[in-house]
Amino acid sequence: MPDSNQAPDPAAVEHYLRDLQARICEALAEEDGCAFREDSWDRPGGGGGRSRVLEGGNVFEKAGVNFSLVHGDGLPPSATAQRPELAGRSFRAMGVSLVIHPHNPYVPTSHANVRFFVAEKPGADPVWWFGGGFDLTPYYGRREDARH
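I will try to describe carefully the structure that is included in this document. Since we're looking at a predicted model, the values are computed, not measured. (Residues numbered from 1 in each chain as written. Predicted model: local features only at pLDDT ≥ 70, side-chain atom pairs only at ≥ 80, totals over all residues. Heavy atoms only, no water.)

1. What about the overall build of the protein chain?
Looking only at helices and strands, the protein chain features three helices and six strands. Order of helices (α) and strands (β) in the protein chain, N terminus to C terminus: α-β-β-β-α-β-β-β-α. Here the protein chain has a C-alpha radius of gyration of 18 Å; the compact-globule value for 148 residues is 15 Å, and the former is much larger. If you line up the protein chain on its principal axes, its C-alpha atoms span 55 × 35 × 35 Å. Taken over 148 residues, the protein chain has a buried fraction of 33%. Considering only intrachain contacts with a sequence separation of at least 6, the fraction spanning at least 24 residues in the protein chain is 54%. (Helix = DSSP H or I, 4+ residues; strand = E, 2+ residues; numbered from the N terminus. Rg over C-alpha atoms; globule rule 2.2 N^0.38 Å. Buried < 20%, exposed > 50% of the residue type's maximum accessible area, 1.4 Å probe, protein only. Contact = heavy atoms within 4.5 Å.)

2. Let's talk about the sheet that holds strand E3 (residues 60–72)
Within the open sheet, the six strands sit side by side as E1-E2-E3-E4-E5-E6. Their pairing is antiparallel. Both outer strands of the open sheet, strand E1 (37–42) and strand E6 (127–137), are each paired with one neighbouring strand and no more. Ignoring strand direction, the axes of neighbouring strands in this sheet form an average angle of 5°. Bridge count for strand E5 (residues 109–120) against E6 is eleven bridges, and the pairing is antiparallel. Following the sheet pairing, Phe117 is matched in E6 by Trp129. (Pairing = 2+ DSSP bridges. Axes fitted to C-alpha atoms, helices over the stretch in contact; angles between N-to-C directions.)

3. Thoughts on the pairing of E1
Counting buried positions over the six residues of E1 gives zero, only a small fraction of the element. Note that E1 and strand E2 (residues 47–55) share six bridges and pair antiparallel. Of the residues in E2, the one forming a bridge with Asp39 is Ser51. Between the end of E1 and the start of E2, which pair antiparallel, lie four residues, with Gly46 showing a positive phi angle near 130°.

4. So, the pairing of E3
By the bridge criterion, nine bridges tie E2 to E3 in an arrangement that is antiparallel. Looking across to E3, one finds that Gly47 is bridged to Val70. Here E2 folds back onto E3, and the loop between the two strands holds four residues, one of which, Gly56, carries a positive phi near 60°.

Structure, rendered in structure tokens:
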């Protein structure tokens, strides 16, 4: 049985998240009938990502599904203010985020993200966690939908 303190393999998490981005884009493109365009980018401090956008589709006014992987030698003070034990650790953060705006005003806008974060320093166990969230923003609320 794996040690519960052992961080998941970052390469395996990255592979899963890149595949998740691809699967979400494939499903949305199939529903819409239009394709995503892709743009890769680099982060000067380390890492980068892949943004995918579908605009002016048949179903979606705009849909963005993004993957990012960033890393650095040290966490910024804002990240260690509440967790001082993380000061001086290198970090790696990766995730998938999406925003989907349909044409139909009765279909809510969707926002979602899933993140993996690990902070490491030699001689210490890694500190890691997964996080994320999802919300729907209706334009025209319906009492039946809210009850459901």
